[in-house]
Amino acid sequence: MYLTRVIYCSELSGANKDAISDILSVSRRNNAKASISGMLLFNGTFFLQCLEGSRNAVNETYHRIMRDERHCHPVLLAYEAIAQRDFGDWDTAYVPWTSDVRKIIRLFSIDEEFNPYQLSGESAISLFRALRGHLPNSEHWSKPLQQA
Ligand code: FAD
């Protein structure tokens, strides 16, 4: 089964910002079971998520996420076969909105505001890789991928 990566962005809808903790706990549970790794960025308005794993698992998870009414206006930024995982250490690494993270995001942004709809697939993966080194070492934000 081919390793596959999906990156999409979307916008919060029909839910408050606290929905992120429910989303994260379900994602971590499901993604660990399906051997999906990846990263989720949320600034209170926009989501940017990368999912990597087997093609079937990534496709199923992506389609389930697309049916979720807690977000809207999804745009697929990248879908590709990959040789290896970039985020194998995390089932769903959540990137906290810190000043360090904002500095990195500015390098990939057209203006001051974070707007993932302005990212190409290539910029999005470069951004995730740049953020990977800045994940705090805390259970609350990131959790190692468990063996399925
Ligand atoms: P269940 O155990 O049936 O439900 C999970 C929980 O989510 C329940 O508490 C349920 O009440 C709540 N819930 C589900 N849908 C809604 C809704 N529309 N409004 C309010 N609450 C709701 N899932 C993953 O498995 N992996 C991911 O990486 C992932 N990333 C996501 C990223 C974003 C931006 C969003 C919005 C959702 C994401 N989800 C992810 C959640 C996904 O959309 C499904 O809700 C989830 O996968 C359902 O899993 P389940 O069948 O095990 O859920």
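Colleague: Even after reading the chapter, I still don't get helix 1 (residues 19–33), so can you show me in this structure?
Modeller: Note on helix geometry: an α-helix contains 3.6 residues per turn, so any two residues three or four positions apart are oriented the same way. Taking 1.5 Å of rise per residue, the 15 residues of helix 1 would be expected to cover 21 Å, and the 22 Å separating its terminal C-alpha atoms lies within 8% of that figure. Those residues of helix 1 lying buried are A19, I20, I23, L24, S27, R28, N30, N31 and A32. Looking at the buried residues of helix 1, the elements they touch are strand 2 (37–42), strand 3 (46–54), helix 2 (55–66) and strand 5 (93–95). Trailing helix 1 by a residue or two, S35 shows a phi angle of about 55°, which is positive.

Colleague: Would you explain the packing of aromatic side chains in this entry?
Modeller: The description of an aromatic ring pair rests on the distance of the ring centres and on the angle between the ring planes. This structure, assessed with the given rule, holds 5 aromatic pairs. Seen in terms of ring centroids, F87 and F128 are 6.1 Å apart; in terms of plane orientation they differ by 70°. Their pairing is edge-to-face. With a gap of 41 residues between them, F87 in the loop between strand 4 (71–81) and strand 5 and F128 in helix 4 (residues 121–132) connect regions that are remote in the sequence. Accessibility assignment for this pair places F87 and F128 in one class, buried. Relative to F114, the ring of W97 has its centre 5.5 Å away and its plane inclined at 55°; by these criteria the two rings are tilted.

Colleague: Can you walk me through the pattern of salt bridges in this structure?
Modeller: Pairing of side chains with opposite charge becomes possible as their charged atoms draw close. What the rule picks out here adds up to 6 salt bridges. Note that D86 is salt-bridged to R132, the shortest N-O span being 3.4 Å. Separated by 46 residues along the polypeptide, D86 in the loop between strand 4 and strand 5 and R132 in helix 4 bring together distant segments of the chain. Under the relative-accessibility criterion, R132 is labelled partly exposed at 30%. Two residues, D100 and K103, come together in a salt bridge whose shortest N-O distance is 3.9 Å. Residue D100 and its partner K103 are located together in helix 3 (residues 99–107), separated by 3 residues, close to a single helical turn. D100 gets classed as partly exposed once you look at its relative accessible area, which sits at 39%. Using a relative accessible area of 51% as the deciding quantity, one classes K103 as exposed. Salt bridges sharing partners connect three or more residues here, namely R5, E80, D86, R129 and R132.

Definitions and cut-offs
- Residues numbered from 1 in each chain as written.
- Predicted model: local features only at pLDDT ≥ 70, side-chain atom pairs only at ≥ 80, totals over all residues.
- Heavy atoms only, no water.
- Helix = DSSP H or I, 4+ residues; strand = E, 2+ residues; numbered from the N terminus.
- Expected span 1.5 Å × (residues − 1).
- Buried < 20%, exposed > 50% of the residue type's maximum accessible area, 1.4 Å probe, protein only.
- Contact = heavy atoms within 4.5 Å.
- Phe/Tyr/Trp six-rings, centres within 6.5 Å; stacked < 30°, edge-to-face > 60°.
- Salt bridge = Lys/Arg side-chain N within 4 Å of Asp/Glu carboxyl O.

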